[in-house]
Amino acid sequence: MTDTITLTRPDDWHLHLRDEAALASVLPHTARQFARAIVMPNLRPPVTTAAQAVAYRERILAALPEGSDFQPLMTMYLTDNTPVDEIKRAKAAGVVALKLYPAGATTNSDAGVTDLRKTYATLEAMQREGLLFLVHGEVTDADVDLFDREAVFVDRVMGPLRAAMPELKIVMEHLTTKEGVQYVAGGDRFTAATITPQHLLYNRNALFTGGLRPHYYCLPVLKREEHRQALLQAAASGSAKFFLGTDSAPHASVMKENSVCGAGCFTALSALELYAEAFEAIGALDKLDAFAGHHGPDFYGLPRNAGTVTLKREPWTLPEAVPFGDAQLKPLRGGDTLNWKLIA
Ligand code: DOR
Ligand code: ZN
């Protein structure tokens, strides 16, 4: 039995860091696990300009623990009105990607895109400048069942988008379905996807085990077991199209344990340990290194990190809660014993 795993120092290709006191609370957890992270722009108000992305990056760097070399990779929030000119400024400012939030799809998505065709001139500029397009792939039509939103998005939106922008690098974020896996696996070299730890470890039953479980609620929502199996196979296939993106999304526990519960699982404390658990369960620990440390930078056209991290088989108890500004934040699996531990 393998008792230690050495990995290329990994990155998180999908992360929510929030701002101000919340940012200061969660950032050290990610900086301990990852060298870089793609930082989501769904603040209130959202990060829609290059100047806002630069200012946000400064606030993140200022909140880092002493001595940390963690590097935030910045994104902007695409709106119906993102000017074509803004893409050149974004490129010059070091922004690496724009994020699609279909209006109304999730947390802070009100300013999102109402009709993708309105953004085509901007997407063309991104394709020219080499900025990536990160997609929250769910339709928001009220007549589409919540559990079908990703499959319908793949069916209706991806074909025309790809036909219009043949060389735009697209990442389908937090993939959750077998339809999504099939689309990405069968797609061209400009298409990839991130997969979260919760979608590898749980199916939708986890939301209802013994009662309603708010800390397992995220968007896109957990799906049936057959979809989890497809995601596991994709993550462990060795295909360079699939890579690590936690979608760690902190919400104060008073907001999660509420009559209306915000979407998001907080996994930054133990992300690598959770991925190791998922890969081990299907006998694929040898595939974790490339998934966590190679495929992401390769797709983004960035260098892989130098150095390594080590996970050890050593039971430890995940804290039930950690500080979150003045509030409390409950990690997914808080209070549970995990079998893998990041030691260096
Ligand atoms: O579960 C989620 N939480 N999904 C998202 O798309 C947004 C995120 C958040 O910002 O909390
Ligand atoms: Zn997200």
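In short, a report on the structure.

Calculation rules
Residues numbered from 1 in each chain as written. Chains lettered and ligands numbered in written order. Predicted model: local features only at pLDDT ≥ 70, side-chain atom pairs only at ≥ 80, totals over all residues. Heavy atoms only, no water. Pairing = 2+ DSSP bridges. Helix = DSSP H or I, 4+ residues; strand = E, 2+ residues; numbered from the N terminus. Axes fitted to C-alpha atoms, helices over the stretch in contact; angles between N-to-C directions. Contact = heavy atoms within 4.5 Å. Buried < 20%, exposed > 50% of the residue type's maximum accessible area, 1.4 Å probe, protein only. Near = heavy atom within 4 Å. Polar contact = N/O pair within 3.5 Å; in protein donor to acceptor, adjacent residues only side chain to side chain.

### Considering the sheet that holds strand β13 (residues 337-342)
Then comes step 1: In space, the three strands of this open sheet follow the order β1-β10-β13, with antiparallel pairing throughout. If you trace the sheet from one side to the other, it starts and ends with β1 (4-8) and β13, each paired once. Averaged over all adjacent pairs, the angle separating strand axes in this sheet is 30 degrees, with direction ignored.
Then comes step 2: Two strands pair when backbone bridges link them, and strand β10 (residues 308-317) and β13 are joined in this way by five bridges, in the antiparallel orientation. Paired with arginine 313 across the two strands is tryptophan 340, which belongs to β13.
Then comes step 3: Against the sheet, helix α10 (residues 271-281) contacts β1, β10 and β13, and its axis sits at roughly 110 degrees relative to β13.

### Overview of unusual backbone geometry
Then comes step 1: In this chain, arginine 44 is followed by proline 45 through a cis amide linkage whose omega measures -10 degrees.
Then comes step 2: With respect to the secondary-structure elements, proline 45 resides in the loop between β3 (36-39) and α2 (50-63).
Then comes step 3: Following leucine 219, the chain continues into proline 220 via a peptide bond in cis, with omega recorded as -5 degrees.
Then comes step 4: Within the secondary structure, proline 220 sits in the loop between α7 (197-201) and α8 (225-235).
Then comes step 5: A positive phi is found at histidine 174, a non-glycine position, where the angle reads about 35 degrees.
Then comes step 6: With respect to the element layout, histidine 174 can be found in the loop between β7 (170-172) and α6 (178-185).
Then comes step 7: When its relative accessible area of 2% is taken as the criterion, histidine 174 is described as buried.

### Concerning the site of ligand 1
Then comes step 1: The immediate surroundings of ligand 1 are formed by 13 residues, with Arg18, Asn42, Leu219, His251 and Ala263 found nearest.
Then comes step 2: Measuring from an oxygen atom of ligand 1, one finds a side-chain N or O atom of arginine 18 at 2.8 Å.
Then comes step 3: Between histidine 251 and ligand 1, the recorded distance is 2.7 Å, taken from a side-chain N or O atom to an oxygen atom.

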